[in-house]
Structure formats: C-alpha cells, structure tokens
Amino acid sequence: MDSPSRSGVFQKSTDGRMEEFAESISFDHELYAHDIAGSIAHAQMLETVGLLSPAESQSIQDALSEIRGDIEEWRLEFRVDLEDIHMHIEQSLIERLGDVGRKLHTGRSRNDQVSTDLRLWVRDAIDRVDRRLVELQRAFLGRCAADADVILPAYTHLQRAQPVLAPHYWLAYCEKFERDRGRLADCRKRVNQCSLGVAAVAGTSLPIDRHDVASRLGFDSVAANSMDVSSDRDFVLESAFALTLVAEHLSTWADEWILWSTVEFGFIRLPQEFCTGSSIMPQKVNPDALELTRGKTARVIGNLQTLLVLVKGLPLAYNRDLQEDKPALFDSFATVEACLEVAPPIVGGMQWNRSAISERLERGYLDATTLMEYMIRRGVPQRTAHHSVGQLVGLAIQKGARLAELPLDDFQQVCPGLDSGVYGVLGVENAVRAYTSYGSSAPREVEKQVARWKDKLGLSNL
Ligand code: ARG
C-alpha cells in the first residue's frame with residue numbers, strides 16, 4: 001500500500017526496494033509514546049483554535065490513547081510501506097476514525113513532528129541519565145566513611161606521585177560526573193523548546209497556537225524561526241556530546257580499575273558478580289564489565305562522529321538525511337545508560353587490598369614533595385629545595401631506605417638548617433596531614449568536601 005504521504009501527484013507506486021531503503025519504523029518506533037503525546041497536545045490545540053470540534057478532538061485523543069495501548073501490546077503491525085512511526089500512528093487513526101482522523105495533521109508536518117518527538121524523547125532520556133549519574137555519585141560518596149583512613153598513591157604519568165586520602169579519590173569522580181550533569185542540564189534547556197507548529201519550513205497560514213501546544217507539552221519556550229527548527233539538530237548533537245563525556249569518564253575509571261585489579265597492581269578486588277571466568281584458564285577472574293564499559297565508549301564516540309558528519313553539509317532546511325540521526329542518538333543513550341547501570345554496584349562492591357596498597361606506599365618517595373614544601377616553609381627557595389630533596393631521594397635509593405629512615409645528618413648535609421622536626425612531614429600519613437590548601441587532600445578539607453557532597457546528594461545522615 002502506498003504511504004498516505006503520497007498525494008495525488010504520484011502516478012506510480014513506490015518501488016518495494018525504495019520502501020525497504022527509506023523506512024525508519026525499524027528504529028523510530030522508539031518514539032511512539034512521544035509522538036502520541038505530541039499528537040494529543042496538537043489535537044487539543046486545534047480544538048482551542050476552532051480547527052477541530054470538541055467531539056472531533058476528543059475522539060482523536062481517545063483513539064490515540066488506544067493506539068498507544070496497541071503498540072505497547074504489540075497489536076500494531078509495523079510495515080515498511082508506512083515508512084515511519086508518524087505515518088503508522090496517523091494511518092491507524094484514520095483506519096479508526098475515517099475523515100476525523102484525516103484532520104489531525106492540520107497545521108503541522110512530519111518535519112516539525114519528528115523534531116518535537118525527538119525533543120520530548122531526549123528530554124526524558126536526559127532525566128533518566130541524570131538520575132543514574134546521581135546514583136553513581138552516591139555510590140562514590142557512600143564509600144567515603146568506610147574508606148576514611150585509606151591512603152592511596154596518586155599518580156601522574158602513571159608514576160607514583162603523592163599520597164591522598166581515598167575519599168579525595170572518590171570525590172574526584174563525583175566532580176567529573178557533576179560536570180556531566182551540568183552539561184546535560186544545560187543542553188536540556190535548548191532541547192526543551194517547542195518545534196511543533198513550524199510545519200514543513202515556513203510556518204502555516206492556519207490559525208494555530210504554538211504557545212498553547214508548548215505549554216501542554218511542558219516546553220519552556222517556543223522556537224522562534226521555522227526554517228531554523230526544520231533543520232535544527234543541534235540538540236541531538238549536543239546531547240550526544242554530553243553523553244560522550246560521560247562515557248569518557250566511565251572509560252577512564254574502568255581503565256584505572258582494570259589496572260588496579262591486576263596482580264601487578266593488586267590494589268583492588270572487583271565484585272565477582274561483575275566478573276567473568278575464562279573457558280580455558282580456570283584461575284582467571286576477568287574484569288569484563290569494566291572492559292565492556294571501556295569498549296562501549298568507542299560506540300558512543302563513533303555515534304557523535306556520525307552525527308557531526310551527518311549535518312555538516314545540509315542546506316536549510318529539513319533534509320531526509322536527518323532521519324539517520326536516530327540510530328546514533330538512541331544507541332548513545334542506551335549504551336551510556338547500560339554502563340551507568342552496572343557502575344554503581346561495581347563501585348560499592350569493590351574491596352581494597354589494603355596491605356598491597358600500604359606496602360606500595362612505602363616505596364616511591366611519595367613524601368618527597370611535602371619534604372620540599374617543608375624546606376620552603378623554612379625559607380629555602382623552591383628550586384634549591386627541589387634540588388636538595390632530589391639529592392636526598394638519590395641517597396635514600398642508594399641506601400635502600402625510605403626518607404624517614406635517613407639519619408638527621410644526611411638531611412643536614414644537604415640542607416644545613418634542618419632539625420629533627422623534618423621527620424614530622426615524612427611518611428605518607430604525615431605527608432597527607434601536612435596538606436592545607438583548598439581542594440587538596442588535607443584531611444580537614446576532604447572532610448568539608450564530603451559534607452558538602454552529602455548535603456548536595458541528600459545523604460547528610462550517612
Ligand atoms: N522519518 C522522518 C525522519 O526521521 C520523518 C520526517 C519525514 N519528513 C519528510 N518530509 N519526509 O526524519
């Protein structure tokens with residue numbers, strides 16, 4: 001059967017190959033609930049402005065609700081000749097209501113319809129991701145109390161650098177995911193503009209009320225230029241980019257923990273419920289959930305690339321190319337949501353191998369920077385102190401000792417003004433206690449930050 005979008009101008013039917021090639025119902029059925037919500041609001045508006053009678057509007061709304069039920073119960077057959085979700089729903093409406101059903105598409109086109117559906121869909125999807133990000137932040141924060149006394153080596157260049165408190169490490173991830181939440185919230189503002197009623201590209205001569213539809217659908221504002229709206233997919237790209245950063249953050253976390261769970265590091269044990277075995281090597285407990293998190297990030301990056309390339313050469317306004325935005329967009333959301341579903345229990349179930357960590361903290365001269373700062377506080381110029389501590393570390397390496405094990409003589413030879421007070425900043429515990437600056441791993445600062453986050457995430461009673 002020919003699509004209802006083919007008017008009397010056509011003398012030939014669509015080639016079956018064209019139908020297969022052009023269909024989008026196989027993926028845009030995902031939009032069904034939002035399409036129906038948009039159509040109900042549109043019908044209500046048409047009634048308000050007198051383009052539908054109250055009885056017509058009511059029967060359209062009732063039929064649309066029935067169609068939603070039918071789709072949810074798999075009673076509506078999807079067919080390539082009806083192209084997309086919009087045509088399926090409209091066709092089903094016409095089958096149910098005849099001429100009244102034929103009135104729904106008054107004052108709109110599929111161009112503004114698909115844009116509206118997508119905006120409604122992205123708005124919901126952003127809210128879902130946001131809730132999941134909060135859950136993940138809560139998982140990080142939930143570890144802070146029990147891990148208050150755990151000291152970790154912080155790395156730069158993947159070389160042991162300075163000691164930090166484990167809660168400081170947890171909050172580093174809270175910050176990253178908070179920025180992701182901020183980006184999504186900002187993007188949501190531009191998503192939440194009503195495009196319905198710009199019709200195909202130029203608006204309409206019919207007396208529609210776009211502000212009425214916008215408020216019915218919970219949009220904050222009404223997009224102001226019909227040509228812009230017809231072509232605009234910025235909100236799709238923007239949300240795909242915000243998701244890419246979420247995925248990047250998850251991927252770096254996953255990568256870090258894959259390393260930390262190796263025998264070579266031995267810092268952590270991953271919860272076995274999220275690990276898999278090897279079909280040949282019985283001793284293996286593999287970090288597949290983390291590897292897949294890292295691997296799926298490639299898909300999310302690829303989707304962003306697809307979307308960027310998709311729109312780069314399109315003249316104003318709507319072009320059918322835009323139909324290709326959906327698989328990439330839907331996949332990015334589904335993939336990030338899937339990663340965010342497994343991340344919190346992995347965070348919550350991870351166990352530190354405290355002895356391996358503290359044994360490693362003893363080596364690597366993590367207190368060297370604090371020693372240098374101690375010298376600076378006693379008046380030694382930074383460059384001189386940096387050089388002197390380098391000499392002391394060299395000496396300690398020769399002796400196979402920690403800095404705290406060097407006799408005072410050694411310190412005084414390198415830096416004559418030093419006295420036994422120097423031992424007060426040596427060793428990782430002392431080094432951590434010595435931090436004072438805002439945003440550092442100073443115990444008091446970390447405590448304050450934990451309290452701030454608990455407050456923010458509504459976990460103050462933890
Ligand atoms: N399936 C189309 C899409 O996703 C809907 C809009 C079609 N508009 C048109 N004029 N052919 O973009």
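Above this text you will find the structure in question.
So, how was this worked out
- Residues numbered from 1 in each chain as written.
- Predicted model: local features only at pLDDT ≥ 70, side-chain atom pairs only at ≥ 80, totals over all residues.
- Heavy atoms only, no water.
- Helix = DSSP H or I, 4+ residues; strand = E, 2+ residues; numbered from the N terminus.
- Rg over C-alpha atoms; globule rule 2.2 N^0.38 Å.
- Buried < 20%, exposed > 50% of the residue type's maximum accessible area, 1.4 Å probe, protein only.
- Contact = heavy atoms within 4.5 Å.
- Areas by Shrake-Rupley, 256 points an atom, 1.4 Å probe, with all protein chains shown as cover.
- Near = heavy atom within 4 Å.
- Polar contact = N/O pair within 3.5 Å; in protein donor to acceptor, adjacent residues only side chain to side chain.
- Nonpolar A, V, L, I, M, F, W, Y, C, P; charged D, E, K, R; others polar.
- Disulfide = S-S within 2.5 Å.
- Axes fitted to C-alpha atoms, helices over the stretch in contact; angles between N-to-C directions.
- Parallel < 35°, antiparallel > 145°, perpendicular 65-115°, else oblique.
- Left-handed = near helix turned anticlockwise from the far one by under 90°.
- Lys, Arg positive; Asp, Glu negative; His and termini not counted.
- Salt bridge = Lys/Arg side-chain N within 4 Å of Asp/Glu carboxyl O.

1. Focus: the overall build of the protein
Okay, step 1: Helix and strand counts for the protein come out as 18 helices and six strands.
Okay, step 2: For 462 residues, the compact-globule formula gives about 23 Å, and the C-alpha radius of gyration of the protein, at 30 Å, lies well above that figure.
Okay, step 3: Principal-axis analysis of the C-alpha atoms gives the protein an extent of 100 × 55 × 45 Å.
Okay, step 4: Expressed as a percentage of its 462 residues, the buried residues of the protein come to 49%.
Okay, step 5: At a minimum sequence separation of 6, the contacts of the protein that also span at least 24 residues come to 74%.
Okay, step 6: About 21,900 Å² of surface is accessible on the protein, with carbon and sulfur atoms providing 52% of the total.

2. With respect to the site of the ligand
Okay, step 1: Close to the ligand lie Ser-24, Asp-84, His-86, Arg-110, Asn-111, Val-114, Tyr-318, Gln-323 and Lys-326, which account for all nearby residues.
Okay, step 2: A distance of 3.4 Å is found between a nitrogen atom of the ligand and a side-chain nitrogen or oxygen belonging to Ser-24.
Okay, step 3: Bound to the protein, the ligand loses 86% of the 340 Å² it would expose on its own.
Okay, step 4: Take the shell around the ligand: its biggest share by element is three residues, from helix α6 (residues 110-142).
Okay, step 5: Considering only residue class, the shell around the ligand consists of two nonpolar, four polar and three charged.

3. What to know about the state of the cysteines
Okay, step 1: Counted under the stated rule, the structure contains zero disulfides.
Okay, step 2: Free of any disulfide, Cys-144 has its nearest neighbouring cysteine sulfur in Cys-174, separated by 6.7 Å.
Okay, step 3: Free of any disulfide, Cys-275 has its nearest neighbouring cysteine sulfur in Cys-339, separated by 16 Å.

4. Points about the packing of helix α3 (residues 32-48) against α6
Okay, step 1: At a closest axis distance of 9 Å, the pairing of α3 and α6 adopts a crossing angle of 120°. Between α3 and α6, the angle is such that the two are oblique. Note on packing geometry: the crossing formed by α3 with α6 is right-handed. Facing His-34, Asp-35, Gly-38 and Ser-39 of α3, the residues of α6 in contact are Gln-113, Asp-117, Leu-120, Trp-121 and Asp-124.

5. Points about unusual backbone geometry
Among all residues save glycine, negative phi is the norm, and among peptide bonds the norm is trans.
Okay, step 1: Cis geometry marks the peptide bond from Leu-316 to Ala-317; its omega dihedral reads 5°.
Okay, step 2: Counting through the fold element by element, Ala-317 comes out in the loop between α11 (288-311) and α12 (325-349).
Okay, step 3: With a phi close to 60°, Trp-74 is a non-glycine residue in the positive phi region.
Okay, step 4: Here Trp-74 shows up in the loop between α4 (54-72) and α5 (85-97).
Okay, step 5: The phi dihedral of Ala-199 falls on the positive side, at around 60°, and the residue is not glycine.

6. Comments concerning the environment of Lys-296
Okay, step 1: Secondary-structure assignment places Lys-296 in helix α11.
Okay, step 2: The exposure class assigned to Lys-296 is partly exposed, which follows from its relative accessible area of 28%.
Okay, step 3: Apart from residues no more than four positions distant in its own chain, Lys-296 is found in contact with Thr-335 and Cys-339.

7. Focus: the side chain of Asp-35
Okay, step 1: Along the chain, Asp-35 turns up in helix α3.
Okay, step 2: One buried charge, Asp-35, has no salt-bridge partner; the nearest side chain with opposite charge is Arg-108, at 5.5 Å.
Okay, step 3: Aside from chain neighbours lying at most four places away, what touches Asp-35 is Ile-85, His-86, Ile-89, Gln-113 and Asp-117.

8. Quick word on the environment of Asp-147
Okay, step 1: Looking at the element boundaries, Asp-147 is found in the loop between α6 and β1 (151-156).
Okay, step 2: Asp-147 sits in the buried class, given a relative accessible area of 2%.
Okay, step 3: A C-alpha to C-alpha distance of 39 Å links Asp-147 and Gln-413, two positions 266 residues apart in sequence.
Okay, step 4: Not counting residues within four places of it along the chain, the set of residues in contact with Asp-147 comprises Ala-166, Pro-167, Trp-170 and Trp-352.

9. Here's the deal with the pattern of salt bridges
Pairs can form between side chains of opposite charge whenever their charged atoms are close.
Okay, step 1: Taken as a whole and assessed by the stated rule, the structure comprises 37 salt bridges.
Okay, step 2: The closest approach of N and O atoms between Arg-188 and Asp-127, which form a salt bridge, is 2.8 Å. On the criterion of sequence distance, the pair formed by Arg-188 in helix α7 (residues 166-191) and Asp-127 in helix α6 is long-range, its members being 61 residues apart.
Okay, step 3: Classification of Asp-127 by relative accessible area gives partly exposed; the value is 25%.
Okay, step 4: A salt bridge links Asp-186 to Lys-189; its shortest N-O distance comes to 3.2 Å. Here Lys-189 and Asp-186 lie together in helix α7, a separation of three residues that amounts to about one turn.
Okay, step 5: For Asp-186, a relative accessible area of 31% corresponds to the partly exposed category.
Okay, step 6: Judged by relative accessible area, which is 53%, Lys-189 ranks as exposed.
Okay, step 7: One continuous salt-bridge network, built from bridges that share partners, spans Glu-66, Asp-70, Arg-75 and Arg-96.

10. So, the packing of α11 against α12
Okay, step 1: Close contact between α11 and α12 brings their axes to 9 Å; oriented N to C, the two are set at 155°. Between α11 and α12, the angle falls in the class roughly antiparallel. Taken as a pair, α11 and α12 cross one another with a handedness that is left-handed. Touching Ala-289, Leu-290, Thr-293, Lys-296, Arg-299, Val-300, Asn-303, Thr-306, Leu-307 and Leu-310 of α11 are Asp-325, Ala-328, Asp-331, Ser-332, Thr-335, Val-336, Cys-339 and Ile-346, all from α12.
Okay, step 2: When the residues that make up the contact of α11 with α12 are grouped by side-chain class, the tally is nine nonpolar, five polar and four charged.

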